[in-house]
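# Close look at the chain arrangement
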Amino acid sequence: MADTMKGLKRTHYCGTVTPEMIGREVVVCGWAQKTRDMGTLVFIDLRDRTGIVQLAFDDKTDPALLAKAQKVRAEYVLMARGVLRQRESVNHEIPTGEVEVYVTELRVLAESNTPPFAISDDSRGVKEDLRLKYRYLDLRRPEMQNAIAMRHRIVKIARDYYDTNGFYEIETPILIKSTPEGARDYLVPSRVQQGRFYALPQSPQLYKQILMCSGFDRYMQIARCFRDEDLRADRQPEFTQIDVEMSFIDEEDIMAMNEGFMKRIFKEVLGKDLETPFRRIKYQDAMDNYGIDKPDTRFDLRLHDLSEILKNTEFSVFSGAIAGGGSVRGINAKGAAEKLSRKEIDKLADFVKTYRAKGLAYTRWTHEGRTSSFEKFLTEEEIAGIHKALEAEEGDLLLSLKEPPKLSATPGKPLEGITVMVDPGHGNKDCGAYGAAGLYGPAEAELNLAVSLAVRDRLEQMGATVIMTRETDDRETPKIVLDERVRMAVDAKPDFFLSIHHNSTGLTKYVSADWTVSYYCEDDSETYAA
């Protein structure tokens, strides 16, 4: 039968005992990290959330207490009373390595089976699904506990910082009306209003705007957000964000406020001083040099424009892109020539295709010489120009690709050069279950067409070339003719295909909005709801 805590009360956490406390009686609690039984000497490493302290038993210990200590196994829950003393062999790897607790009383509060994996920072070789199955064990690992403790400190600092700067922390509802944002909503059915649904917030966007209109001026919240979208490196179904809104400010006020917050976080959590203001990069410079508006400049893999060097090349892949208003860009992966094989480079080529790049040209420069997928088509002068621009040397991997023309260089025409096909949803009687059921009537058909024509006019104002699959009422047109017309239109390969239809019955989506828009991308045959 397990012991109880009755009559004992913890006086110190394991990681808080220090040499200045030697000679004092302490009571510590925690989990047995490991035991070392050497006969008349037994040592137990006791762990709690603050760290580890060693429990010591020797030949002067009461025999019954020594026998009890010898039965302790990993993850037993213990409570120990004893006197803090100097360790004979100092362990410099832990903060409490100079002292140990010479135990006079030991209580086993709970025994444990052998855990399925070691409770340590080294989780290599432990499958993630096993860690998740035994999450309560995984969360005992110092790495996990330290991460959660750090998050706690960051949240506390956030509240203190924004409070000091005049912000109110205001909670906003979790069960809300569905509002159009960047992803799909998670829906919660209402018990008291059958057939009606709440949505979980993707962000508190509308509520914080209401607060600004209401005169609260400065708001912050540690906000839970929920987004029904595919997992990515920086996305998961639910997450927490520090949500901030301010009134009567400009860009500089926003950046200065958040830079001050980051400076305080790094100082108080990591002990590092950050210089403010942070380095600023113009949007266009970021896109030109890194190809993304949030570059990780630690790697400094800059894109170099090689168009001037290659504008007269006879290699049509590059010259055609430049002549068409595009460009040729290259990066130098310093020292990567020996690290990436040809197979791995081919995988990179497949990867860039997901961003609609048509391919990836490379040059590997190893101690055995250069191998390239494209240099044989260039002149020596062009090759030398590329190497100079990319500061290439032995050991480097040079990667080049052609960039399509920018969407527009004309102010007010952001979609210039883009072809969009618009297909008004139709309501003919043999278009499937909806048509057969008579769910599409004259009103729906007229709305489909009216909205589509309005979309066409707006797209044309923005510079796009618009192709309509129909511009008249088609309710008497056989479905087979409609299908063929749409198929021919898609074969024209527009940049975007918009299909606009009316959810008059609410059967297709449990959303509050009446209109949905589906689109096809050039290299994607799936329909996505937006």
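One can find the structure itself at the top, above this paragraph.
Keep in mind it's a predicted model, so treat the numbers as computed, not measured.

## A few points about the nonpolar core
- Counting residues in each nonpolar core, the largest one holds 25 residues, and the members touching the most others are I44, L55, F57, L78, V103 and L106.
- Of all the elements in the fold, those that place two or more residues in this core are β1 (25-37), β2 (42-48), β3 (51-57), α1 (63-70), β4 (77-86) and β5 (99-110).
- If you tally residues by element for this core, the top one is β5, at five residues.
- Those residues in contact with L106 that sit more than four places away from it in its chain are D3, F57, L65, K68, A69, V72, L78, M79 and A80.

## Examining the pattern of salt bridges
- Applying the stated rule across the entire model yields 31 salt bridges.
- When the shortest N-O distance is used, the salt bridge between K311 and E308 registers 2.6 Å.
- Residue classification places E308 among the exposed positions, given a relative accessible area of 57%.
- A cluster of three or more residues bridged by salt bridges with shared partners is formed by R131, R135, D138, R141 and E143.

## Observations regarding the sheet that holds β4
- The five strands lie next to each other as β1-β2-β3-β5-β4, forming a closed barrel whose pairing is mixed. Put simply, the sheet's adjacent strands are angled 55 degrees from each other on average, direction ignored.
- Where β1 and β4 come together, seven bridges link them in antiparallel fashion. For E25, the partnering residue across the bridge sits in β4 and is V83.
- Of the strands in this sheet, β1, β2, β3 and β5 are in contact with α1, which crosses β5 at around 75 degrees.

## Observations concerning the pairing of strand β12 (residues 327-333)
- Burial of β12 is extensive: seven of the seven residues sit out of reach of the surface.
- In β12, alternate side chains face the same way, and those of S327, R329, I331 and A333 on one face and V328, G330 and N332 on the other are all buried.
- Taken together, the two bridges between strand β11 (residues 304-305) and β12 define a ladder with antiparallel strand orientation. Along β12, the bridge assignment pairs H304 with G330.
- In this sheet, strand β15 (residues 397-403) lies alongside β12 in antiparallel orientation, the contact comprising seven bridges.

## As for the environment of L8
- Mapped onto the fold, L8 is located in the segment before β1.
- Owing to a relative accessible area of 9%, L8 belongs among the buried residues under this scheme.
- Note: C-alpha distance between L8 and E105 (97 residues apart in sequence) is 10.0 Å.
- Excluding residues within four positions of it along the chain, L8 makes contact with V27, M79, R81, E105 and R107.

## Here's the deal with a nonpolar patch on the surface
- Together, I174, L175 and Y198 make up an exposed nonpolar region whose accessible area comes to about 250 Å².
- On the basis of relative accessibility, which here comes to 32%, the residue Y198 falls in the partly exposed class.

## Details of the side chain of R227
- Along the chain, R227 falls in the loop between β9 (218-226) and β10 (238-246).
- A polar contact is formed between the side chain of R227 and the backbone oxygen of Q202, at a distance of 3.3 Å.
- Not counting the four nearest positions on each side in its chain, R227 is found in contact with A183, R184, Y186, Q202, S203, R235, Q236, P237 and F239.

## Description of the side chain of S307
- In this structure, S307 sits in helix α8 (residues 307-310).
- Looking at S307, its side chain comes within polar contact range of the side chain of D305, at 2.6 Å.

## Considering empty space enclosed by the protein
- The tally for this structure, following the rule as stated, stands at one cavity of 30 Å³ or more.
- Quantified by volume, the largest cavity comes out at close to 50 Å³.
- Lining the largest cavity are T172, P173, I174, P201, S203, P204, Q221, A223 and R224.

## So, helix α5 (residues 205-213)
- Taken together, the buried positions of α5 are K208, L211 and M212. Across the axial projection of α5, the buried residues extend over an arc of 100 degrees, all falling on one side.
- A positive phi of about 90 degrees marks G215, the residue just after α5.

Criteria and cut-off values
Residues numbered from 1 in each chain as written. Predicted model: local features only at pLDDT ≥ 70, side-chain atom pairs only at ≥ 80, totals over all residues. Heavy atoms only, no water. Core = buried A, V, L, I, M, F, W, Y, C linked by side-chain atoms within 4.5 Å. Buried < 20%, exposed > 50% of the residue type's maximum accessible area, 1.4 Å probe, protein only. Helix = DSSP H or I, 4+ residues; strand = E, 2+ residues; numbered from the N terminus. Contact = heavy atoms within 4.5 Å. Salt bridge = Lys/Arg side-chain N within 4 Å of Asp/Glu carboxyl O. Pairing = 2+ DSSP bridges. Axes fitted to C-alpha atoms, helices over the stretch in contact; angles between N-to-C directions. Patch = residues over 30% accessible without salt bridge, like charges linked within 9 Å, V, L, I, M, F, W, Y side chains within 5 Å. Areas by Shrake-Rupley, 256 points an atom, 1.4 Å probe, with all protein chains shown as cover. Polar contact = N/O pair within 3.5 Å; in protein donor to acceptor, adjacent residues only side chain to side chain. 1 Å grid on protein atoms, 1.4 Å probe; cavity = no way out; pocket = protein on both sides within 12 Å on 5 of 7 lines; lining within 4 Å. Points joined across faces, edges and corners; volume = space filled by probe spheres on them. Arc of directions from axis to C-beta.

Read these as geometric descriptors, not functional statements.
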